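This is what each chain is made of:
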Amino acid sequence: MAKKVAVIGAGVSGLISLKCCVDEGLEPTCFEKTEDIGGLWRFKESVDDGRASIYQSVISNTSKEMSCLSDFPMPEDFPNFLHNSKVLEYFRIFAKKFDLLKYIQFQTTVLSVKKHTDFATSGQWVVVTENNGKEQSAVFDGVMICSGHHVFPHLPLESFPGIQKFKGQYFHSRQYKHPEGFEKKRILVIGIGNSASDIAVELCKKAAQVFISTRHGSWVMSRISEDGYPWDLAFHTRFKVMLHNIVSQIVVKWSMEKVMNKWFNHENYGLVPQNKYLLKEPVVNDDLPSRILYGAIKVKSRVKELTETSAIFEDGTVEENIDVIVFATGYTLSFPFLEDLIKVENNMVSLYKFIFPPQLEKSTLACIGLIQPLGPIFPAIELQARWVTRVFKGLCTLPSERTMMEDIIKRNKKRIDLFGESKSQLLQTRYISYLDELAVEIGVKPDILSLLLKDPKLAVKLYFGPCNSYQYRLVGPGQWNGARNAIFTQKQRILKPLKTRAIKTSSTFPVSFLLKILGLLAVVVAFFSQLQ
């Protein structure tokens, strides 16, 4: 008899989890409190309590080929960076293709998730839900929490003395939808994340003046990288990971600073990070530097105090006649239906590999998508869900509670060393190393050295090319016969939406491929020489 799994939320994490449950022969039921799928990526004009909210102009910061699911490439005519409506369209196509909607109970709120009386032996859960005022209770063998972490706004008004006297309008960034209504206003945006930068850039086209206040600064990068390709295609390669692992961290950090300043000198623009050697998530914004360059946006230091109409900054400067303050100050973690099953302390949760609570007698509850990788999140979510469903099925096992706690402590120390202690970095992790970590657990990590002998052309692509999700469908459980072809046809899907004007192409000799082969052979020789 198939094990029953409750999936909480029908956003991206929920849909991916549903598909993974079906792939493993589990019997999922998804509870979605709203009337439709999409979660964060489904724009609504209204701001609803308990639901993620985005502004109308949101565009993905990671490209379609790096963000797509491992056995379901995005349509080749989709643009490389997607408007939120296109992301939603992709997941509607995905849900239809794998017939996922039949597993979802819409307008159903999860009230509580509690251990069954015989949890110690069965690992089962009692899930209580509410639909149209009617409560229901059901027993499940596993629970996948896919409710996201962009729901409950963090609005630290106590950190802004004088806010109670401020006569203008102020609100959290989740309330922002579009720039209409802000014409000729003087606007202060507090924060320097992606949302803060997007909102500042959009508002400055209508406003009289926009100020952006930052405590620590941030690296800012463009979506466009080498030869006009999406940034993440060049950034996320196994070859670069190898270089980072073998050279000194001082060299890595120096190199990172050089790369980030290649587009523009951050110090000149007042954006240079306070600790520029932390590997904090950079802001991805193509317009911010130009808006600063012609004065539509002015970068300011931390707000020290607010008056009825002005903002006083840490450096002693004052900006008068502020009409609007937008707090782009992030979100807090909360699981109201879990009671004390997952404790949130200082906005942190202790989860093994960001997924499993280590203290449970049975590993039948998992958090999906509670992570911020330095790269596309969808492939990370997919690998999480693939691993979790195999754990639920008994095909993969977790270590002891002690081992899991040791891993959590070690990982947290490493996170602080790499990313710092900022609240915004609590869920941060490296990208490829995390994907590979999960892939090893499932048994789907590609063996580059083995492939070098069997399929050298593919080995070169995997090592020097972008680390896309297709790599994790080449071998092992869930192997997809189309994975190799998807890897080799990636470039045409990238270029297809750009080739809207017919031009004659010049032929070039593929010297780069030969150089990559020689480079890979050099790495192999170096590897074996270290073993001797």
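Everything here concerns the structure above.
Attention in this report is confined to the structure presented alongside it. For clarity, every value in this text was computed on a predicted model and none was experimentally measured.

About the thresholds
Residues numbered from 1 in each chain as written. Predicted model: local features only at pLDDT ≥ 70, side-chain atom pairs only at ≥ 80, totals over all residues. Heavy atoms only, no water. Helix = DSSP H or I, 4+ residues; strand = E, 2+ residues; numbered from the N terminus. Rg over C-alpha atoms; globule rule 2.2 N^0.38 Å. Buried < 20%, exposed > 50% of the residue type's maximum accessible area, 1.4 Å probe, protein only. Contact = heavy atoms within 4.5 Å. Areas by Shrake-Rupley, 256 points an atom, 1.4 Å probe, with all protein chains shown as cover. Polar contact = N/O pair within 3.5 Å; in protein donor to acceptor, adjacent residues only side chain to side chain. Expected span 1.5 Å × (residues − 1). Salt bridge = Lys/Arg side-chain N within 4 Å of Asp/Glu carboxyl O. Phe/Tyr/Trp six-rings, centres within 6.5 Å; stacked < 30°, edge-to-face > 60°. Core = buried A, V, L, I, M, F, W, Y, C linked by side-chain atoms within 4.5 Å. Patch = residues over 30% accessible without salt bridge, like charges linked within 9 Å, V, L, I, M, F, W, Y side chains within 5 Å. Lys, Arg positive; Asp, Glu negative; His and termini not counted. Charge placed at Lys NZ, Arg CZ, Asp CG, Glu CD. Pairing = 2+ DSSP bridges. Axes fitted to C-alpha atoms, helices over the stretch in contact; angles between N-to-C directions. 1 Å grid on protein atoms, 1.4 Å probe; cavity = no way out; pocket = protein on both sides within 12 Å on 5 of 7 lines; lining within 4 Å. Points joined across faces, edges and corners; volume = space filled by probe spheres on them. Nonpolar A, V, L, I, M, F, W, Y, C, P; charged D, E, K, R; others polar.

Here we come to the overall build of the protein. In terms of helices and strands, the protein carries 17 helices and 22 strands. Relative to a compact globule of 532 residues, whose C-alpha radius of gyration would be 24 Å, the protein shows 24 Å and is just as compact. Counting only C-alpha atoms, the protein reaches 70 × 65 × 50 Å along its principal axes. The buried share of the protein, taken over its 532 residues, is 51%. A fraction of 69% describes how many contacts in the protein between residues 6 or more apart in sequence connect residues 24 or more apart. Surface summary for the protein: the accessible area is close to 25,300 Å², and the carbon and sulfur share equals 53%.

Relative to the helices and strands, Arg-493 is located in helix H16 (residues 490-495). A polar contact of 3.3 Å, which involves the side chain of Arg-493, links it to the side chain of Tyr-470. Within the local environment of Arg-493, its side chain forms a polar contact with the side chain of Thr-489, the two groups lying 2.7 Å apart.

Turning our eyes to something else, we now look at the environment of Ile-37. Of note, Ile-37 is situated in the loop between strand S2 (27-31) and helix H2 (64-67). In sequence terms Ile-37 and His-216 are 179 residues apart; their C-alpha atoms lie 36 Å from each other. If we ignore the near neighbours within four places in the chain, the residues touching Ile-37 are Ala-10, Leu-15, Arg-42, Leu-88, Phe-91, Arg-92, Ala-95, Leu-101, Ile-104 and Phe-106.

The topology assignment puts Thr-214 in the loop between strand S11 (209-213) and strand S12 (220-221). Once residues within four sequence positions are removed from consideration, Thr-214 is found in contact with Ile-192, Val-299, Lys-300, Ser-301 and Arg-302.

Time to look at helix H1 (residues 12-23). Here H1 spans 17 Å end to end across twelve residues, near enough to the 16 Å set by a 1.5 Å rise per residue. Within H1, ten of the twelve residues are buried, leaving the element largely enclosed by the surrounding structure. Residues of H1 that are buried: Val-12, Ser-13, Gly-14, Leu-15, Ile-16, Ser-17, Leu-18, Lys-19, Cys-20 and Cys-21. Next to the buried residues of H1 lie strand S1 (4-8), S2, helix H3 (84-97), strand S3 (104-105), strand S7 (142-145) and helix H10 (377-393). Gly-25 sits one or two residues past H1 and shows a positive phi near 75 degrees.

Before going further, it helps to examine the pattern of salt bridges. In this structure the tally under the stated criterion is 25 salt bridges. Notably, a salt bridge pairs Glu-24 with Lys-393, separated by 3.7 Å at the nearest N-O pair. Linking Glu-24 in the loop between H1 and S2 with Lys-393 in helix H10, this pair joins segments that are 369 residues apart in sequence. Under the relative-accessibility criterion, Glu-24 is labelled buried at 14%. Residues participating in the shared-partner salt-bridge network are Lys-19, Asp-23, Asp-71, Glu-382 and Arg-473.

Here we take up the packing of aromatic side chains. Per the stated rule, a full pass over the model turns up 24 aromatic pairs. Both rings, one in Trp-231 and one in Phe-235, keep their centres 5.5 Å apart while their planes meet at 65 degrees; by these two values the pair is edge-to-face. One end of the pair is Trp-231 and the other is Phe-235, both in helix H6 (residues 231-235) and four residues apart, which spans about a single turn. The class of Trp-231 is buried, set by a relative accessible area of 9%. Overall, the relative accessible area of 38% leaves Phe-235 in the partly exposed class.

Among the nonpolar cores identified, the biggest contains 102 residues, and Phe-91, Met-144, Ile-187, Val-210, Ile-297, Phe-356 and Trp-387 are the most heavily contacted of them. Here this core gets nine residues from one element, more than from any other, and that element is H10. Setting aside its immediate chain neighbours within four residues, Val-210 contacts Ile-187, Val-189, Ala-200, Leu-203, Cys-204, Ala-296, Ile-297 and Lys-298. Judged by nonpolar contacts, the second largest core, of 24 residues, contains Ile-342, Val-349, Leu-351 and Leu-365.

Together, Leu-243, Ile-246, Val-247, Val-251 and Trp-254 make up an exposed nonpolar region whose accessible area comes to about 450 Å². Elements with a minimum of two residues in the nonpolar patch: helix H7 (238-246) and helix H8 (249-260).

Okay, a positive patch on the surface next. Side chains of Lys-457, Lys-461, Lys-491 and Lys-499 sit close together on the surface and give a patch of like positive charge. Structurally, Lys-461 is set in helix H14 (residues 456-464). Look at Lys-461 and you get partly exposed, because its relative accessible area is 37%.

Attention now moves to the sheet that holds strand S6 (residues 134-140). A sheet is described by the order of its strands in space; here three strands give the open sequence S4-S5-S6, paired in antiparallel fashion. Two strands in the sheet have a free side with no partner beyond their single neighbour: strand S4 (109-115) and S6. Between one strand axis and the next, the sheet turns through 20 degrees on average, direction left out of account. Bridge count for strand S5 (residues 125-131) against S6 is seven bridges, and the pairing is antiparallel. Residue pairing for S6: Val-128 is matched across the bridge by Ser-137.

Time to look at unusual backbone geometry. Notably, Asp-99 is not glycine yet its phi reads approximately 55 degrees, a positive angle. With respect to the helices, strands and loops of the structure, Asp-99 is situated in the loop between H3 and S3.

Reading across from one edge, S15-S16-S17 is the order of the three strands in this open sheet, with antiparallel pairing throughout. In this open sheet, the two edge strands, each paired with only one partner strand, are strand S15 (303-306) and strand S17 (318-319). By the bridge criterion, three bridges tie S15 to strand S16 (residues 311-313) in an arrangement that is antiparallel. Counterpart to Leu-306 in the pairing with S16 is Ala-311.

What follows concerns empty space enclosed by the protein. Unfilled space is identified by rolling a water-sized probe across the atoms. In this structure the tally under the stated criterion is one cavity of 30 Å³ or more. Taken together, Ile-145, Cys-146, Ser-147, Gly-148, Phe-335, Cys-367, Ile-368, Gly-369 and Leu-370 make up the full set of residues lining the largest cavity. Its residues assigned to classes, the lining of the largest cavity comprises six nonpolar, three polar and no charged.

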